[in-house]
Structure formats: structure tokens, C-alpha cells
Amino acid sequence: MKTQFCIVGATHGTGLLITQQLVQSGAMVRVLARNPDKARQLLGNRVDVCHGDVTDACSVCDAIAEEQRAIFFTVAATGGIDGRGLFASKATIRNVTYQGLINLVDAARSRGFEGRIILPSVIGADRSSVMIRFLDKIKSGLQRNIIEREMYLRASGLDYTIVRAPILTNAPAGDANIRIARATNKLTAGPKISRSDFARVLILASQENVASRKTFDLFSSKGVAPSDEQILEQIEQIPADI
């Protein structure tokens with residue numbers, strides 16, 4: 001089955017929403033899942049499910065195809081006190097959030113992948129703030145992992161887009177204005193954006209040349225939801241990474 005998109009981390013959160021939105025648009029999608037049965041239960045026969053884990057470089061390689069337009073890396077560490085990686089071991093968190101991305105990039109290069117890697121990230125990951133220090137406490141080493149994986153992706157020679165988001169919510173899509181800014185902001189407790197709107201922007205970034213090799217911050221505010229064209233116009237104003 002030839003697929004246009006590959007989603008790593010498609011059974012929950014933003015990755016699940018990306019998968020659902022792509023399938024609804026008629027795209028051919030492959031997902032890399034540690035639990036294929038769970039993936040099929042959530043997504044049915046609408047996607048090609050590939051069994052694998054980002055900590056297993058060989059299984060990551062098996063999910064990537066040269067013809068795919070984009071790969072979304074949306075996986076996060078699990079375990080810890082609540083199953084979401086809170087207070088999980090530093091080594092476990094690094095193995096998933098950092099080494100997992102390294103495995104993906106290396107596998108993409110080895111497979112001759114010529115599409116774009118889409119990396120969701122966190123606003124202000126490379127800046128000191130109370131919120132970043134808090135996140136780094138509950139997910140030990142997270143800030144270092146985010147900074148270093150962004151650097152690795154930029155230096156990989158592959159096409160990419162890194163989209164940094166504030167706090168994510170489960171609010172419905174299309175209920176807020178979306179604003180895109182240069183990646184110069186600190187993370188604070190105030191700004192938030194819905195996961196559905198975040199997924200929408202990530203998908204747009206995977207498909208349009210204006211998002212190539214860029215890193216930008218994403219915000220939402222009260223107002224009318226912008227059209228795809230209006231979002232892309234904002235992305236176009238962001239300079240490419242040096």
C-alpha cells in the first residue's frame with residue numbers, strides 16, 4: 001500500500017487528530033504503532049498500520065517509504081505516575097523524545113526519503129522560564145531533549161518544519177483565531193491552543209513550500225478562525241532557519 005503520510009505516535013493526542021484529519025481528507029496514511037491492535041481499533045481499516053517503536057531503529061525504518069510526502073513525529077514518553085511520562089526516569093524520557101527522533105531522521109535518510117519531517121515542539125524550549133523549568137522537573141531532561149532534537153533535525157539535510165505550541169487543550173477546532181510568530185517567545189501559563197487547531201497547522205505545514213525549513217511559534221486568541229490561505233500567508237512571513 002503506497003502511502004502519502006506517516007504518523008509516529010498516532011494513537012493519542014495530536015498524532016491521533018492529525019491521522020483523523022488526513023484520513024477525512026482522503027489521504028493515504030501509514031501509522032507506526034507499538035500496539036497495532038489499539039491503532040486498528042481507533043482507526044479501523046482506513047490506515048496502514050505498521051508495528052514498531054521509535055526506540056527500535058529497525059522498526060522505524062520499516063515504516064518509512066521513499067514516496068511519502070511527510071512524516072509526523074508526535075510520540076511522547078509514557079509511563080511515570082500517570083501514564084504520560086510524568087516523573088518517569090530521565091533515561092526513558094530521553095530514549096523516546098530525543099533518541100526516537102534521531103532514529104526517525106537516520107531511518108529517513110537511509111531510505112532515501114525526500115519529503116518533509118514535521119516536528120511538534122514547545123514554545124520557548126530554548127529559553128529560560130518558570131513554565132519550562134516546571135516541565136523539566138516533571139519530565140526530567142525534557143528541555144535538553146527538545147533543544148537537541150530540534151538541532152539534530154535542522155542539521156540533518158532533510159526538509160522539515162518545527163512548530164512550537166503553547167499549552168494544548170481539548171477545545172474544538174475552528175473556535176479561535178490562529179497567530180503565527182517567530183520562534184522567539186517564552187512559554188507562559190497564559191497562551192493555549194486546541195490540539196485540533198495545532199493538528200490543522202501541522203498538516204498545512206507538511207504540504208506547502210512556504211513552511212520548508214522553518215521553525216515558528218503558534219498562538220490562538222479570541223476571534224474568527226483563519227482560512228488555510230491566511231495561515232499560509234503568516235507562515236510565508238517567517239524567515240527560513242539559517
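Model, not experiment: these values are computed from the prediction.

### Quick notes on the sheet that holds strand E1 (residues 5-8)
Spatially, the 8 strands line up as an open sheet ordered E3-E2-E1-E4-E5-E6-E10-E8, and their pairing is mixed. Every interior strand has two partners, whereas the edge strands, strand E3 (48-51) and strand E8 (177-182), have only one. Between one strand axis and the next, the sheet turns by 25° as a mean value, whatever way the strands run. Pairing geometry for strand E4 (residues 70-73) and strand E5 (residues 116-122), over 3 bridges, is parallel. Across the sheet, Ile-71 pairs through a bridge with Ile-117, a residue of E5. Here helix H7 (residues 142-154) sits on the sheet in contact with E4, E5, strand E6 (159-165) and strand E10 (214-221), set at roughly 160° to E5. Docked against the sheet, helix H9 (residues 228-236) engages E8 and E10, running at close to 10° with respect to E8.

### Remarks on H9
Those residues of H9 not exposed but buried are Ile-231, Leu-232 and Ile-235. Buried residues along H9 cover an arc of 95° about the axis, so they all sit on one side. Turning to H9, the residues buried within the fold contact E8, helix H8 (195-207) and E10.

### Section: the side chain of Ser-194
Here Ser-194 lies in strand E9 (residues 192-194). In this structure the side chain of Ser-194 is engaged in a polar contact, spanning 3.0 Å, whose partner is the backbone nitrogen of Asp-197.

### Re the packing of H8 against H9
Where H8 meets H9, the axes come as close as 11 Å, and the angle between the chain directions of the two elements is 70°. It follows that H8 is roughly perpendicular to H9 by the angle criterion. Classified by chirality, the crossing of H9 by H8 is right-handed. Here Arg-200, Val-201 and Leu-204 of H8 lie close against H9, whose contacting residues are Asp-228, Ile-231 and Leu-232. Looking at the contact of H8 with H9, its residues break down into 4 nonpolar, no polar and 2 charged.

### Notes on the packing of aromatic side chains
Two numbers describe a pair of aromatic rings. These are the distance of the centres and the angle of the planes. Within this structure, the stated rule accounts for 1 aromatic pair. Between the aromatic rings of Phe-5 and Phe-72, the centroid separation amounts to 6.3 Å while the plane-to-plane angle is 45°, which identifies the pairing as tilted. Note that Phe-5 is positioned in strand E1 and Phe-72 in strand E4, a separation of 67 residues in sequence. Judged by its relative accessible area of 0%, Phe-72 is buried. Lying across the ring of Tyr-98, Arg-94 places its NZ or CZ 4.0 Å from the centre.

### Some words on the environment of Gln-230
Examined against the element boundaries, Gln-230 turns out to sit in helix H9. In this structure the C-alpha to C-alpha distance between Gln-230 and Ser-206, which are 24 residues apart in sequence, comes to 16 Å.

Rules behind the numbers
- Residues numbered from 1 in each chain as written.
- Predicted model: local features only at pLDDT ≥ 70, side-chain atom pairs only at ≥ 80, totals over all residues.
- Heavy atoms only, no water.
- Pairing = 2+ DSSP bridges.
- Helix = DSSP H or I, 4+ residues; strand = E, 2+ residues; numbered from the N terminus.
- Axes fitted to C-alpha atoms, helices over the stretch in contact; angles between N-to-C directions.
- Contact = heavy atoms within 4.5 Å.
- Buried < 20%, exposed > 50% of the residue type's maximum accessible area, 1.4 Å probe, protein only.
- Arc of directions from axis to C-beta.
- Polar contact = N/O pair within 3.5 Å; in protein donor to acceptor, adjacent residues only side chain to side chain.
- Parallel < 35°, antiparallel > 145°, perpendicular 65-115°, else oblique.
- Left-handed = near helix turned anticlockwise from the far one by under 90°.
- Nonpolar A, V, L, I, M, F, W, Y, C, P; charged D, E, K, R; others polar.
- Phe/Tyr/Trp six-rings, centres within 6.5 Å; stacked < 30°, edge-to-face > 60°.
- Lys NZ or Arg CZ within 6 Å of the ring centre and 35° of its normal.

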